[in-house]
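Remarks on the overall topology
Chain by chain, the residues run as shown.
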Amino acid sequence: MKPFAHVFADLAITAAAILVAIALVMAGLYLAGYPAHLVVFEWTRGALGSRFDLAVAAKNACPLIFTGLAAAVAFRSGVFNIGAEGQSILGAIATAFVATRWLPAVGQSWVAIPAALVCAAIFGAVWAVVPSLLDRYRGVPIVLSTILLNFIALQLLSLLLEGPLKAKGTEVVQSDPLPLAYWLPGLVDVGYLRIGILIALGVAALVWLIQARTSFGFELLVTGLNPTVARLSGMPVAARQLGIMMISGAIAGLAGAIQVMGIEGHFLGPTPVSYGYAGIAVALLGRLHPVGVVLAAFFFGLLDQGASNVEISRYGLPHEVADIVKGLIVLIILVGTAYVARLRTTVREA
Amino acid sequence: MSAFAAPTFIMKQAVTSATPLLLAGFGELLAQRAGVIDIGIEGLMLMGAIAAYGAAVVTGSAYAAIPAAILAGVLFVAVFALITVWFRADQIVTGTALNILAFGVSTTLWHALQNYMTGPTPHDPPQLFDAISIPILRDIPFAGPVFFQQYGLFYFVVILGIALFMVLKQTRYGLIVQSLGDAPDACDAAGISVRLWRSGLVLFAGACAGLAGAYLSTMRGHSFQVNMTAGQGFLVLALVIFGRWTLSGLIAGTLLFGALDGLQTYLAAIPGATTRVPHQLFDMLPYAATLIALGVLTRSRAGPAYLAAPWPADR
């Protein structure tokens, strides 16, 4: 358990980072001649103004919860899996195979959807095992191999969509539409929000439970904090690191499955919206804690939905301004954390 | 003529597409040798691309593009250097955040630039750079079109490459760069400021990546497009590693994959060619080959010993 003072410092840095990032963007907008306070008002209203907006924000948050958890779980144990992008693409590929090729005739959703989810998790985990083994046996840094595998996954997806997954009777590069049984049921009547969000929250709860309430979770934490201590205490460090990569990859794989079954129009296209790298930002903003990740993902979802409304408002800013806020928040958190760490060292030495 | 046509076409393509990758690669290579990995090259190239095109439009002169791109790259990477070298934050996370930021900033600036160009007083895009043919040399069979009918930046990259080669091999600076990544504590003990040196090399990497971005938007391409780097920054990262952190390896790898890419373009253009290899395999190749090279050929360890490790290590 972290000392209360540290938790408080974390929360303070996070809050300050969000405020400073918003202030910086507002300053930029003023300099560019926009009425920044009105833009921010519009942004807020666009994010929180209606049930529809909130539902879309939750929909946006859904894949980010998965990729954020995938990154957080790995980073917390000192494993630098930045391959959530590739692992979620593998999950999407698995879902397309299950739904349109292997088990298209399954009629019941309660069989079809879990089958796809399990398969996606397995594909994601397998894609994450490769870098783990390369690290263990060949000394290839996981950071490097996961980046490379992200791009290999993207090309693999494109290759499969022109081969075994190609839709029949069309020249468009995409998979066949998913059978109805694979469509995630809707959750509310507006905003395309489906039960994917419940699955995401369920996975977050599960991760929290494992981390906070099991000795396995404790071992993972110690492995991350100090591998030497972990090894000397008799923990199987190498095996734990492989396990972490598999869990992380499986969670990322679920992001791909949920995307295909619920958000991306019920088929697999050549460019799945990339949530892998954003997941790293979500994990950091959420302080690598499952609850934090969920909150951070919702915050990013709100930012995106608000920015989409700013784009169609009379201010006409592109919705990518949301990415400026996201990037700034992460950078400021990094600076703030480093600064506080330095303060603590100074105080300890004094 | 015809006997040379296919290889000439392929290699000319290879050199044209290799130019920005080599330039950004030189900078990244030096930074990584010194122990700093910047996975934000993608974002730096985007910033260079938008700054170059924006400066050209606003000033009406293509030549403004060059300093603007360098400045954009340096300013952006300065944030990275500050956070990673001086605050010792994680390099991978910082690079990722800067990529996200650069995507947002470049897209927003592009939006503003389009408004500016079509605004009350319309601004036409200026005449941008054409390829520079070097007299006499351009007429040499094969080598002429391949090496002497390129954009101006290519000639600069050649000169820079030779200069770097000599500095790294012949001077003590080469040794310092290497030691910064392999034995930073030894450097410190020898009175070499690890932080200043690393910052300088990272800033150089930013300038290179920014300039590479300018190549995309004002030379090879003639406008900015949202996310126009399309993964080239990450390709640079792969190529530096594939070349095992050596200049010659980087150059060989970049030209090799460029040539394969050119070959694929060439084959795709032949009407009626039946046995066609899917282009995805070609696109996948640099990454897959790098992964295999790392996994199969690694003898002892991969890369500089202190790559991505914050310095000083003690807390």
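Residue positions within a chain follow its written sequence, with the count starting from 1. To read the labels, note that chains go from A and ligands from 1, taken in the order they are written. Given that the model is predicted, a residue must reach a pLDDT of at least 70 before its local features are reported, and side-chain atom pairs must reach 80 or more before they are shown or counted; all residues, however, enter totals for whole chains, interfaces and linings.

Another point: the overall build of chain B. Looking only at helices and strands, chain B features twelve helices and two strands. The globule rule used here is 2.2 Å times the number of residues to the 0.38 power, and the radius of gyration it is set against is calculated over C-alpha atoms. For chain B, whose C-alpha radius of gyration is 20 Å, the value lies close to the compact-globule estimate of 20 Å for 315 residues. C-alpha extents for chain B along the principal axes are approximately 60 × 55 × 40 Å. Partly exposed residues are those whose C-beta has more than 12 but fewer than 20 other C-beta atoms within 10 Å; 20 or more makes a residue buried and 12 or fewer makes it exposed, with C-beta atoms placed from the backbone. Taken across its 315 residues, chain B has 49% of its residues classed as buried. Numbered from the N terminus, helices here are DSSP runs of H or I no shorter than four residues, and strands are runs of E no shorter than two.

Moving on, we come to the overall build of chain A. If you tally the helices and strands in chain A, you get 13 helices and zero strands. Listed N to C, the secondary structure of chain A is α-α-α-α-α-α-α-α-α-α-α-α-α in terms of helices and strands. Relative to the globule expectation of 20 Å for 350 residues, the C-alpha radius of gyration of chain A, 21 Å, shows essentially globular dimensions. Structurally, chain A occupies a C-alpha span of about 75 × 60 × 30 Å along its principal axes. The 350 residues of chain A split such that 55% are buried.

Turning next to the interface of chain A and chain B. For every residue pair, C-beta atoms are placed from the backbone, and the pair is scored as a contact if these atoms sit within 7 Å. Each side of the interface is counted separately: chain A has 40 residues, and chain B has 42 residues. Where the side of chain A that touches chain B is concerned, the elements lending two or more residues are α5 (109–138), α6 (142–161), α11 (276–285) and α13 (321–349) of chain A. Take the side of chain A that touches chain B: its biggest share by element is 13 residues, from α13 of chain A. Under the grouping applied here, Gly and all other residues not named as nonpolar or charged are polar, the nonpolar ones being Ala, Val, Leu, Ile, Met, Phe, Trp, Tyr, Cys and Pro and the charged ones Asp, Glu, Lys and Arg. Along the lines of polarity and charge, the residues of the side of chain A that touches chain B split into 29 nonpolar, six polar and five charged.

Nonpolar side chains in soluble globular proteins tend to be buried together. Residue and element names in this part refer to chain A. Here, a nonpolar core means buried Ala, Val, Leu, Ile, Met, Phe, Trp, Tyr and Cys residues linked by C-beta atoms lying within 7 Å of one another. By size, the foremost hydrophobic cluster in this structure holds 224 residues, and its most contacted members are Ile65, Phe66, Leu69, Ala116 and Leu254. The greatest single-element share of this core, amounting to 17 residues, is contributed by helix α3 (residues 51–76). In this structure Ile65 touches Ala200, Ala204, Val293, Val294 and Ala297, once residues within four positions along its chain are discounted.

Further remarks concern the packing of α3 of chain A against helix α12 (residues 290–312) of chain A. Residue and element names in this part refer to chain A. Relative orientation of the contacting elements α3 and α12 amounts to 140°, with a least axis distance of 7 Å. Taken together, the axis directions place α3 and α12 in an arrangement best described as oblique. The element α3 and its partner α12 pack so that their crossing is right-handed. When α3 is examined against α12, the residues Asp53, Val56, Ala57, Ala58, Asn60, Ala61, Leu64, Ile65, Gly68, Leu69 and Ala72 are found in contact with a partner set consisting of Pro290, Val293, Val294, Ala296, Ala297, Phe298, Phe300, Gly301, Leu302, Asp304 and Gln305. Classifying every residue of the contact of α3 with α12 by side-chain character gives 16 nonpolar, four polar and two charged. Lines fitted to C-alpha atoms define the axes here, with helix axes fitted over just the stretch in contact, and angles between the N-to-C directions of these axes take values from 0 to 180 degrees. Should an angle lie under 35 degrees it is considered roughly parallel, over 145 roughly antiparallel, and from 65 to 115 roughly perpendicular; all remaining angles are considered oblique. Should the near helix be turned counterclockwise from the far one by less than a right angle, the crossing is left-handed, whereas a clockwise turn marks it as right-handed.

In this fold, Gln155 of chain A is placed in helix α6. In this structure Gln155 of chain A comes out as buried when scored by C-beta crowding, with 20 C-beta atoms within 10 Å. Taking the C-alpha atoms as reference, Gln155 of chain A lies 36 Å from Trp43 of chain A; in sequence the two are 112 residues apart. Look past the residues within four positions of Gln155 of chain A in its chain and what remains in contact with it is Gln280, Asp283 and Met284 of chain B.

Assignment of secondary structure puts Val330 of chain A in helix α13. For Val330 of chain A, a count of 26 C-beta atoms within 10 Å translates into the label buried. Taking the C-alpha atoms as reference points, Val330 of chain A and Leu285 of chain A, separated by 45 residues in sequence, lie 6.5 Å from one another. Excluding its chain neighbours within four sequence positions, the residues that come into contact with Val330 of chain A are Ala281, Leu284 and Leu285 of chain A together with Ala97 of chain B.

Glancing now at the packing of helix α3 (residues 65–86) of chain B against helix α9 (residues 194–220) of chain B. Taken N-terminus to C-terminus, the directions of α3 of chain B and α9 of chain B make an angle of 145°; their axes are 7 Å apart at the nearest point. Where α3 of chain B crosses over α9 of chain B, the handedness of that crossing is right-handed.

What follows deals with the confidence of the model for chain B. pLDDT expresses, on a scale from 0 to 100, how confident the predictor is about each individual residue. Mean pLDDT over chain B stands at 90; residues scoring 70 or higher make up 95%. Of the two predicted TM-score estimates for the complex, the pTM is 0.93 and the ipTM is 0.92.

Now for the environment of Ala49 of chain B. Residue and element names in this part refer to chain B. Inspection of the secondary structure assignment puts Ala49 in helix α2 (residues 41–59). Owing to 31 C-beta atoms within 10 Å, Ala49 belongs among the buried residues under this scheme. For the pair formed by Ala49 and Asn227, sequence separation is 178 residues and the distance between their alpha carbons is 9.8 Å. Those residues within four positions of Ala49 in sequence are excluded, and the remaining contacts are Gly213, Ala214, Leu216, Ser217, Phe224, Met228 and Thr229.

Attention now moves to unusual backbone geometry. Glycine aside, negative phi is the norm for most residues, and most peptide bonds take the trans geometry. All names here are of chain B. The omega torsion of the bond from Trp311 to Pro312 falls at -5°, within 30 degrees of zero and hence cis. Tracing the backbone through its elements, the reader meets Pro312 in the segment after α12 (279–297). The phi angle at Asn227 is positive, at roughly 55°, despite the residue not being glycine. By secondary structure assignment, the location of Asn227 is in the loop between α9 and α10 (232–242). Taking the C-beta count within 10 Å as the criterion, Asn227 has 14 such neighbours and is therefore assigned partly exposed. Residue Ala308 is not a glycine yet carries a positive backbone phi of 70°.

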